[in-house]
Amino acid sequence: MNHDVDITPAEIDIRGLTKIFGEGPQAVTAISRADLDLDRGAFISLLGPSGCGKTTLLRVVAGLEAPSEGNVSIRGLPVWRGRKRSRKATRPVSMMFQEARLFPWYSVAENVALPLRITGMSKSDRMARAHEICATVGLKGFENHRPAQLSGGMRQRASLARALVTDPQVLLLDEPFGALDAMTRDTLNLELMEVCARARVTTILVTHSIAEAAFLSDRVVVLAPRPARITNVVEIPFARPRTLDLQRSTAFQDIVADLRTQLTEGHDA
Ligand SMILES: Nc1ncnc2c1ncn2[C@@H]1O[C@H](COP(=O)(O)OP(=O)(O)OP(=O)(O)O)[C@@H](O)[C@H]1O
């Protein structure tokens, strides 16, 4: 008997995933036969032109959109059985979007604490946890502010805090810092990397930025449109922790150039 065989399921396992919206001549193939697996703590990015199915892929993994064909499993549990979603499979998942999606009438801490409501935790414990996580993402002192009193970057910090408050094992990020200025984006990306690494969170990031994908990821998944499909998975070999200086190195710039070529070629295909 071979005792070296690893029978631990991948943290996220995507097999033959196809998603078609609509029917007949109007049908749109948003994602075609995608295969991907991520081990615990892996950080991958989905990179591709607008409309190539990145958000759709994320939504199927999150249990928000049923696949037309294929399967997604999280920690060995299938997310979908036909069109029926398994709540148990998606319990360890948190998702974050480009817009902060905070409730304007709640304070920052109340917004952050919201996902804890269904856990049965007492209100005082929920608020204590929300304050703790606000401090982790640099919002100490702003817990009682309303979202309208925050800058765009701080609103995204609050949104990140809300995504992290349940201690997710899987984080799905749909261009979370896409609307922010370059400096705020750099700072938040560094903090995101640190938080994900510390808790060994398995992360899938959708981004339009080649440099951001290369900087944050262990692997970059390149997608092409028409029909939307994965064309390559590029390993990013840089050691962690990474600092912004890495982006000035020739090795980093070579990878960015290579990814740009792959994107252009996929686009023209
Ligand atoms: N609910 C829907 N109904 C019909 N078509 C949809 C739906 N959601 C997405 N699509 C189509 O599926 C394709 C992929 O969309 P998706 O939003 O996944 O792309 P994307 O790569 O995330 O784009 P972007 O980078 O612009 O955000 C697009 O052609 C889009 O119009």
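Residues numbered from 1 in each chain as written. Predicted model: local features only at pLDDT ≥ 70, side-chain atom pairs only at ≥ 80, totals over all residues. Heavy atoms only, no water.

K.L.:
Teacher, can you tell me more about the site of the ligand here?
P.N.:
Taken together, the residues surrounding the ligand are F21, V28, A30, P49, S50, G51, C52, G53, K54, T55, T56 and H208. Contacts to the ligand include T56, whose side-chain N or O atom sits 2.5 Å from an oxygen atom. Coverage of the ligand by the protein amounts to 59% of the 630 Å² it exposes when considered alone. For the shell around the ligand, the secondary structure elements donating two or more residues are β2 (28-38) and α1 (54-62). The biggest single contributor to the shell around the ligand is α1, with three residues. Considering only residue class, the shell around the ligand consists of five nonpolar, six polar and one charged. (Near = heavy atom within 4 Å. Polar contact = N/O pair within 3.5 Å; in protein donor to acceptor, adjacent residues only side chain to side chain. Areas by Shrake-Rupley, 256 points an atom, 1.4 Å probe, with all protein chains shown as cover. Helix = DSSP H or I, 4+ residues; strand = E, 2+ residues; numbered from the N terminus. Nonpolar A, V, L, I, M, F, W, Y, C, P; charged D, E, K, R; others polar.)

K.L.:
Please explain the sheet that holds strand β10 (residues 202-207) as it appears in this structure.
P.N.:
Each strand in a sheet pairs with another by means of backbone hydrogen bonds, the pair being arranged parallel or else antiparallel. One open sheet holds the six strands; their spatial order is β8-β9-β10-β3-β11-β12, and the pairing between them is mixed. The open sheet is flanked by β8 (93-96) and β12 (229-235), the only strands paired with a single partner. Going from strand to strand, the sheet's axes swing by 15 degrees on average, the running direction of each strand aside. Here β8 runs beside strand β9 (residues 170-174); their pairing, made up of four bridges, is parallel. Counted as the bridge partner of M95 is L172 from β9. The sheet strands contacting α1 are β3 (43-47), β8, β9, β10 and β11 (219-224), and the helix crosses β9 at an angle near 150 degrees. Against the sheet, helix α5 (residues 152-164) engages β8 and β9, with an angle of about 170 degrees to β8. (Pairing = 2+ DSSP bridges. Axes fitted to C-alpha atoms, helices over the stretch in contact; angles between N-to-C directions. Contact = heavy atoms within 4.5 Å.)

K.L.:
Which parts of the structure should I look at to understand the packing of α5 against helix α6 (residues 182-198)?
P.N.:
To characterise two packed helices, one gives the angle between the axes of the helices and the distance between these axes. It is the contact of α5 with α6, at a shortest axis distance of 11 Å, that shows an interaxial angle of 15 degrees. The angle between α5 and α6 places the two elements in the roughly parallel class. Here α5 runs over α6; the crossing is right-handed. Residues G153, Q156, R157, L160 and L164 of α5 lie in contact with α6, whose contacting residues are T184, T187, L188, E191, L192 and V195. Here the contact of α5 with α6 is built from residues that sort into five nonpolar, four polar and two charged. (Parallel < 35°, antiparallel > 145°, perpendicular 65-115°, else oblique. Left-handed = near helix turned anticlockwise from the far one by under 90°.)

Interpretation note: all reported values are geometric properties and have no functional meaning in isolation.
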